Amino acid sequence: MSTVEHHAPIVGTAPSPLTWQGEEDTRAFAERLAGHAAIVDAFIALHGDLGAGKTTLVRHLLRALGAQGRIKSPTYALVEPYELPSLAAWHFDFYRFDDPKEWEDAGLRDLFASEGLKIAEWPEKAAGLLPVADLDIHIAVDEQERRHVRLLAHTARGRELLA
């Protein structure tokens, strides 16, 4: 075995970039992520341009965790809560977030301090207010509509999600 095989991934790194050829690959990744025990209290930050597939990933992840009914983007609502069979989850979309006062007014500090899965799209719009993400997922789309995905773990929980 090589040295790399003996050690867990270093914080902030992933084994290698991923390429999702289509939505089926996104679904398969979401199902693997949902299978980790660490998901129940994780904070996952999603990065990518409009149309990169962030909401699609969230939809597949929440379905894999048992969500029923419509799963929609919280672009206008800022947050959508989900009571799943074994955990609570919140899907945040900070795309239209421009006033830090909204953070307090919406009770987001309390949500991020509570137990449960937190998934945030456009986290850079709330920079300085959010805790450190356990896992950053960066999605970029190429000319053939493939998704190139970079995973960055920032905590032990994030590393567990990548294991």
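Above this text is the structure in question.
Described below are features of the structure shown in this document. (Residues numbered from 1 in each chain as written. Predicted model: local features only at pLDDT ≥ 70, side-chain atom pairs only at ≥ 80, totals over all residues. Heavy atoms only, no water.)

**Observations regarding helix α3 (residues 54-64)**
Those residues of α3 that sit buried are Lys54, Thr55, Leu57, Val58, His60, Leu61 and Leu62. Following α3 by one or two positions, glycine 66 has its phi on the positive side, about 105°. (Buried < 20%, exposed > 50% of the residue type's maximum accessible area, 1.4 Å probe, protein only. Helix = DSSP H or I, 4+ residues; strand = E, 2+ residues; numbered from the N terminus.)

**Quick look at the pattern of salt bridges**
Evaluation of the coordinates by the stated rule reveals eight salt bridges. Note that glutamate 31 is salt-bridged to arginine 27, the shortest N-O span being 2.5 Å. Taken as a pair, glutamate 31 and arginine 27 lie in helix α2 (residues 23-34) at a separation of four residues, close to a single helical turn. For aspartate 142, the salt bridge is made with arginine 146, and the minimal N-O distance between the two is 2.8 Å. Since its relative accessible area comes to 12%, aspartate 142 is described here as buried. Beyond isolated ion pairs, a larger network of salt bridges with shared partners links Asp41, Lys118, Asp134 and Arg157. (Salt bridge = Lys/Arg side-chain N within 4 Å of Asp/Glu carboxyl O.)

**A look at the nonpolar core**
In terms of nonpolar packing, the biggest core is built from 32 residues, with Leu33, Ile44, Leu61, Leu62, Leu117 and Ile137 touching the most fellow members. The set of elements that each furnish at least two residues to this core consists of α2, β2 (43-47), α3, β5 (117-121), β6 (135-141), β7 (147-153) and α6 (156-162). In this structure, Trp90, Phe112, Ala126 and Ala133 belong to the second largest nonpolar core, which totals 18 residues. (Core = buried A, V, L, I, M, F, W, Y, C linked by side-chain atoms within 4.5 Å.)

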